[in-house]
Amino acid sequence: MIESDTICAISTPPGCGGIAVVRISGENAIGIAGRIWKGKALSNVRARTSTLGDIVDPATGDTTDTALAMVMHAPHSFTGEDTVEFSVHGSTWIQSEILRLLIDCGCRMAQPGEFTRRAFASGKMDLAQAEAVADVIASTSKESHRIAAQQMRGGISRRLGELRSQLLDLSALLELELDFSEEDVEFASRTRLLDIAHNVKKEVATLAASFSKGKAIKEGIPVAIVGNTNAGKSTLINALLEDDRAIVSDIPGTTRDTIEDTVRIDGMEFRLVDTAGIRTTDDTIEALGIERSLKALRQARIAIAVIDTTTHPDDTGQILRRVEQEKSDDTLIVVALNKCDSGTAAPHRLAVQSMTPNARIIELSALHGSGVDTLRQQLLELADRPALNDIVVSNARHYEALTLAMESITHVIDGLSADLSGVLIAEDLRQTLHHLGEITGDITTPEILSTIFSRFCIGK
Ligand SMILES: Nc1nc2c(ncn2[C@@H]2O[C@H](COP(=O)(O)OP(=O)(O)O)[C@@H](O)[C@H]2O)c(=O)[nH]1
Ligand SMILES: [Mg+2]
């Protein structure tokens, strides 16, 4: 759907600010903006340079604001259309007044993400890149920004393009085989076709497998701090956050609900969850809290099992067993032997090692801060930062399409191995191409686009 009407929106965040940017895009952007502009004619302003003038109400001649205007001509703009951007004083009245003037002059208010949707429609970017625009805007850490920016610059798209051309090769070879099947000439050995299909499957699998890491980086890596009551979990989250976020007390059962906050370590964001101590209790509210602790543990990518070294080592084995039982298969555990300032770590270390010989163990004092930096380093290591050139999938829609592509390429492989007729294999091949094409938007529907862009903010 390519709309030619002219849209406008405030692109800066809602509310009052130093400066607000009003964006206008579409066939009549320069004409409509020109009607409320007093200064150098916008049609004569050099592209992408700012010019100072006044925003005026054409009906009354009243000046609304003094502003800077910048013009971009199609196709050399974000949307690929003629675009004008006004930088105005950030008063909420000025902002709404300018929108009113623009609408009176023939603009329509943009829908969420409509500028980016137009950029996609005009071929400035594919769908994966357009989606990444929202991720770049939403990124809150160096790493989440890096994977979003890589996708926006076409990282995933290029990789998918390579896979697509391999699949097209495969499809062409199969068709040749079909065309000449009567003559019993073999054009490409099935072994060669299988090689290509296996290679595509491997690459699709690698991309799909990167999603769990990509998702964790995008949303913050979930870390559950678990253990017995009074082990020092709340003290530890406060130490990691360098803040008094959770209430610390020596009364067992103080933390009844999970407390969550984020911390950035060397550009990676971690979502720390302090939990209620896991123990048997008659207190219904505490029991609900414990239920939530177990849920946080199941959802965590990393669990910090906090052990109180001032208690009996038997407790340590018990609590670790419980953590092992309750965690999900891919949750990584690091054992924090706490209160090393007053307890004795050695017997607890032995208790841990007798259960899990290769356990990651850190001795620390959450109260005094010793060992906390080592724990930070350990979290960073466990988070397993992707290498600079690794393509990381962080979008659930892409993951779903990759999973479906995996299924259909597996059918292709099965078909080739079983020496099925090319006609049957061709259909699975088309399916694979279809699913990969859904990611880049080669194949899409207005409904899919509406769902994607409705999650954007207005003005982007
Ligand atoms: N000596 C010492 N006491 C600690 C340490 N960490 C926590 N505590 C104390 O242990 C008690 C329970 O701490 P808290 O963080 O509330 O434990 P939680 O129930 O696991 O959240 C409090 O009195 C803390 O001051 C530590 O490293 N050393
Ligand atoms: Mg607590």
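The structure displayed is predicted, hence computed values, not measured ones.

Tell me about the site of ligand 1, and please be specific about residues and values.
As a structural note, the neighbourhood of ligand 1 is formed by 18 residues, with N230, G232, K233, T235 and D341 the closest of them. Here an oxygen atom of ligand 1 sits 2.7 Å away from a polar atom, N or O, in the side chain of K233. Contact with the protein chains removes 87% of the 580 Å² of surface that ligand 1 exposes when unbound. Here the element with the most residues in the shell around ligand 1 is helix α8 (residues 233–241); it accounts for three residues. Here the residues of the shell around ligand 1 are counted per class, giving four nonpolar, 10 polar and four charged.

Can you break down the UniProt feature "binding site: Mg(2+)" (unreviewed entry) in the protein residue by residue, with the values?
In the numbering used here, UniProt assigns the feature "binding site: Mg(2+)" (unreviewed entry) to S234 and T255. In sequence the annotated residues extend across 22 residues, while in space they remain close, none of their C-alpha pairs exceeding 7.6 Å. Considering the arrangement of structural elements, one finds S234 in helix α8. Owing to a relative accessible area of 8%, S234 belongs among the buried residues under this scheme.

How would you sum up the UniProt feature "domain: TrmE-type G" (unreviewed entry) in the protein? Please name residues and give values.
Under the UniProt annotation, "domain: TrmE-type G" (unreviewed entry) lies at residues 220–384. With 38% helix and 24% strand, residues 220–384 has end C-alpha atoms that lie 13 Å from one another.

Can you tell me about the sheet that holds strand β9 (residues 259–265), naming the residues and giving the values?
The six strands lie next to each other as β9-β10-β8-β11-β12-β13, forming an open sheet whose pairing is mixed. The open sheet is flanked by β9 and β13 (360–363), the only strands paired with a single partner. Mean inter-strand twist for the sheet, computed between neighbouring axes without regard to direction, equals 25°. Sheet analysis places strand β8 (residues 221–227) next to strand β11 (residues 302–308), joined by five bridges and oriented parallel. In the sheet register, V223 faces β11, and the bridge partner there is I302.

Could you give me a rundown of the packing of helix α6 (residues 155–179) against helix α14 (residues 422–440), with the residues and numbers involved?
It is at 10 Å that the axes of α6 and α14 come closest, and there the two elements cross at 160°. Comparing their axes, α14 and α6 come out roughly antiparallel. Here α6 and α14 pass one another in a crossing that is left-handed. Each of S157, L160, L163, R164, L167, L168, L170, S171, L174 and L178 in α6 lies in contact with α14, whose residues at this interface are G422, V423, I425, A426, L429, T432, L433, L436, I439 and T440. For the contact of α6 with α14, a count of residues per class yields 14 nonpolar, five polar and one charged.

Just give me the short version of the pattern of salt bridges, but keep the residues and values in it.
Under the defined criterion, the tally for this structure stands at 28 salt bridges. As a salt-bridge pair, E81 and R118 come within 3.0 Å of each other at their nearest N and O atoms. Placement of E81 in the loop between β5 (63–72) and β6 (83–89) and of R118 in helix α3 (residues 114–121) is noted, with a sequence separation of 37 residues between them. A single burial state applies to E81 and to R118, both of which are buried. Across the salt bridge formed by E162 and R159, the nearest N and O atoms sit 3.9 Å from each other.

Summarise helix α9 (residues 284–299); cite the residues concerned and give the values.
If you check α9, its first and last C-alpha atoms are 23 Å apart, about what 16 residues at 1.5 Å a residue would give, namely 22 Å. When α9 is considered as a whole, its buried residues turn out to be E286, G289, I290, S293, L294, A296 and L297. Within α9, the buried residues cover an arc of 160° as seen down the axis, which keeps them to one side. Summarising the geometry of α9, the exposed residues directed more than 90 degrees from the buried face are T284, I285, L288 and Q299. The secondary structure elements touched by the buried residues of α9 are β8, β10 (268–274), β11 and α10 (313–326).

Describe the packing of aromatic side chains, with residues and values.
Ring pairs (aromatic) are described by centroid distance and by the angle formed between their planes. Within the structure shown, the criterion is met by three aromatic pairs. Look at W37 and F86: their rings are 5.4 Å apart centre to centre, the planes differ by 25°, and that puts the pair in the stacked class. In this pair, W37 sits in strand β3 (residues 37–38) while F86 sits in strand β6, placing the two residues 49 residues apart along the sequence. Look at W37 and you get buried, because its relative accessible area is 8%.

Help me get a handle on the domain arrangement of the protein, residues and values and all.
Looking at the protein, the domain boundaries give domain 1 (7–126), domain 2 (134–214 + 395–441) and domain 3 (220–383). Here domain 1 and domain 3 have C-alpha centroids that lie 52 Å from each other.

I'd like a description of the pairing of β10, backed by residues and values.
By the criterion of burial, β10 is predominantly enclosed, with six of the seven residues buried. In the sheet, β8 pairs with β10 via five bridges, with the strands oriented parallel. The residue bridging I221 from the neighbouring strand is F270, located in β10. Where β9 lies against β10, seven bridges are found, and the strand directions are antiparallel. Counted as the bridge partner of T262 is R271 from β10. Hairpin connection, β9 to β10: the antiparallel pair is bridged by two residues, and D266 has positive phi, about 50°.

Tell me about a nonpolar patch on the surface, and please be specific about residues and values.
Together, I103, M109 and I458 line one region of the surface with nonpolar side chains, adding up to about 230 Å² of accessible area. Along the chain, I103 falls in helix α2 (residues 92–104). Taking relative accessible area as the criterion, I103 reaches 36% and is therefore assigned partly exposed.

Please set out helix α5 (residues 142–152) residue by residue, giving values where relevant.
Counted residue by residue, α5 has eight buried out of 11 residues, so it is predominantly covered. Within α5, the full set of buried residues consists of E143, S144, R146, I147, A148, A149, Q150 and Q151. Residues of α5 that are buried sit in contact with α4 (127–138), α6, α7 (190–219), β10 and α13 (396–417). Remark: G154 follows α5 within two positions and exhibits a positive phi of approximately 100°.

Conventions we followed
Residues numbered from 1 in each chain as written. Chains lettered and ligands numbered in written order. Predicted model: local features only at pLDDT ≥ 70, side-chain atom pairs only at ≥ 80, totals over all residues. Heavy atoms only, no water. Near = heavy atom within 4 Å. Polar contact = N/O pair within 3.5 Å; in protein donor to acceptor, adjacent residues only side chain to side chain. Areas by Shrake-Rupley, 256 points an atom, 1.4 Å probe, with all protein chains shown as cover. Helix = DSSP H or I, 4+ residues; strand = E, 2+ residues; numbered from the N terminus. Nonpolar A, V, L, I, M, F, W, Y, C, P; charged D, E, K, R; others polar. UniProt positions renumbered as here; feature names shortened; annotations may be inferred. Buried < 20%, exposed > 50% of the residue type's maximum accessible area, 1.4 Å probe, protein only. Pairing = 2+ DSSP bridges. Axes fitted to C-alpha atoms, helices over the stretch in contact; angles between N-to-C directions. Parallel < 35°, antiparallel > 145°, perpendicular 65-115°, else oblique. Left-handed = near helix turned anticlockwise from the far one by under 90°. Contact = heavy atoms within 4.5 Å. Salt bridge = Lys/Arg side-chain N within 4 Å of Asp/Glu carboxyl O. Expected span 1.5 Å × (residues − 1). Arc of directions from axis to C-beta. Phe/Tyr/Trp six-rings, centres within 6.5 Å; stacked < 30°, edge-to-face > 60°. Domains from an automatic or database assignment. Patch = residues over 30% accessible without salt bridge, like charges linked within 9 Å, V, L, I, M, F, W, Y side chains within 5 Å.

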